[in-house]
Amino acid sequence: MTSSSTPGLARFNTLADDEATTTLHEVCASAAWGRAILSRRPYASAEALLLASDTATAALDERDLAEAMAAHPPIGRPKPQDPTSSREQRGMADATEELKAEMLELNLAYQERFGHVFLICATGATGEQMRDAVKSRIGNSPEQERGIVRTELGKINRIRLTRLATEGE
């Protein structure tokens, strides 16, 4: 079997289980997701890792999804001292004070309605695009929103895993 392993993936494949678990928790805070990814090591390619992530994300139950979402900061308020959070929310960095205030209000309204943080794959999105997304999604049913959240979480996990797999290139 040929391997298209990258330096980051090779490193991940050889980490001790406890180190790999910690690394995976930084990608997605769901313990069930992390266990599923860990159980399939070693990965022959980054694509195999991403496909395993897609499968694990699709299998998350409500509690697992809640656990994953709880680790994500609100849009417009990246975690202090967290370069991943800041990088992913870069689109809000140059937002006007008015847009930041509007996003804060929308985040609070969304959280009140659904009981969790507004989750969106913010990488590459502008502040206006994120605002428009929360505005359009706040009217969804809880069932519709869970499906969208799962899709967005899958996108975030893929971006973070791709970064992990390509470290050192």
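Below: a short report on this structure. (Residues numbered from 1 in each chain as written. Predicted model: local features only at pLDDT ≥ 70, side-chain atom pairs only at ≥ 80, totals over all residues. Heavy atoms only, no water.)

Okay, the overall build of the protein chain next. The helix and strand tally for the protein chain stands at 10 helices and zero strands. Along its sequence from the N terminus, the protein chain presents helices and strands in the succession α-α-α-α-α-α-α-α-α-α. With the C-alpha coordinates of the protein chain rotated into their principal frame, the extents come out at 55 × 35 × 25 Å. The proportion of buried residues among the 169 residues of the protein chain is 43%. The long-range fraction of contacts in the protein chain, counting pairs at least 24 apart against all pairs at least 6 apart in sequence, stands at 71%. Accessible surface, the protein chain: about 9,000 Å² in total, of which carbon and sulfur atoms supply 53%. Charge separation in the protein chain, taken as the distance between the mean sites of 20 positive and 25 negative side-chain charges, equals 2 Å. (Helix = DSSP H or I, 4+ residues; strand = E, 2+ residues; numbered from the N terminus. Buried < 20%, exposed > 50% of the residue type's maximum accessible area, 1.4 Å probe, protein only. Contact = heavy atoms within 4.5 Å. Areas by Shrake-Rupley, 256 points an atom, 1.4 Å probe, with all protein chains shown as cover. Lys, Arg positive; Asp, Glu negative; His and termini not counted. Charge placed at Lys NZ, Arg CZ, Asp CG, Glu CD.)

Now for the environment of Ala31. As for its position among the elements, Ala31 is in helix H3 (residues 31-39). Placed 23 residues apart in sequence, Ala31 and Gly8 show a C-alpha to C-alpha distance of 22 Å.

What follows deals with the nonpolar core. By size, the foremost hydrophobic cluster in this structure holds 45 residues, and its most contacted members are Phe12, Trp33, Ile37, Leu49, Ile75, Phe118 and Met130. Contributing elements (two or more residues each) for this core: helix H1 (7-14), helix H2 (17-27), H3, helix H4 (46-58), helix H5 (62-70), helix H8 (97-114), helix H9 (127-137) and helix H10 (142-166). Per-element accounting of this core gives the leading share, six residues, to H10. Once you skip the residues sitting within four places of it in the chain, Phe12 turns out to touch Ala20, Leu24, Ile37, Arg41, Tyr43, Leu49 and Leu164. (Core = buried A, V, L, I, M, F, W, Y, C linked by side-chain atoms within 4.5 Å.)

Bringing the layout of surface pockets into the picture now. Each pocket or cavity is described by its volume, and for the largest pocket that value is around 560 Å³. Around the largest pocket, the lining is made up of 32 residues, and of these Glu26, Val27, Thr84, Glu88 and Arg160 lie nearest the centre. Contributions of two or more residues to the lining of the largest pocket are made by H2, helix H6 (83-88) and H10. Of all the elements, H10 adds the most residues to the lining of the largest pocket, at six residues. Looking at the lining of the largest pocket, its residues break down into 16 nonpolar, seven polar and nine charged. (1 Å grid on protein atoms, 1.4 Å probe; cavity = no way out; pocket = protein on both sides within 12 Å on 5 of 7 lines; lining within 4 Å. Points joined across faces, edges and corners; volume = space filled by probe spheres on them. Nonpolar A, V, L, I, M, F, W, Y, C, P; charged D, E, K, R; others polar.)

Glancing now at the packing of aromatic side chains. For any pair of aromatic rings, geometry is given as the distance between the ring centres together with the angle between the planes. What the rule picks out here adds up to two aromatic pairs. When the ring of Tyr110 is compared with that of Phe114, the centres are 4.7 Å apart and the planes differ by 45°; the resulting orientation is tilted. Taken as a pair, Tyr110 and Phe114 lie in helix H8 at a separation of four residues, close to a single helical turn. Look at Phe114 and you get buried, because its relative accessible area is 13%. A ring pair is formed by Tyr110 and Phe118, whose centres lie 5.1 Å apart and whose planes are at 75°; its orientation type is edge-to-face. Both residues of the pair, Tyr110 and Phe118, count as buried. (Phe/Tyr/Trp six-rings, centres within 6.5 Å; stacked < 30°, edge-to-face > 60°.)

So, about H9. Every buried residue of H9 is accounted for by Gly127, Met130, Arg131, Ala133, Val134 and Arg137. The arc that holds the buried residues of H9, viewed along the axis, is 160°, so those residues lie on one side. Next to the buried residues of H9 lie helix H7 (90-93), H8 and H10. (Arc of directions from axis to C-beta.)

Enumeration over the complete set of coordinates arrives at 12 salt bridges. Here Glu62 ties to Arg146 by a salt bridge, and the two come within 3.2 Å at their closest N and O atoms. Here Glu62, found in helix H5, pairs with Arg146, found in helix H10; they are 84 residues apart in sequence, far enough to count as distant. What you see here is one network of salt bridges that share partners, running through Glu102, Arg131, Asp132 and Lys135. (Salt bridge = Lys/Arg side-chain N within 4 Å of Asp/Glu carboxyl O.)

Purely geometric numbers; function is a separate question.
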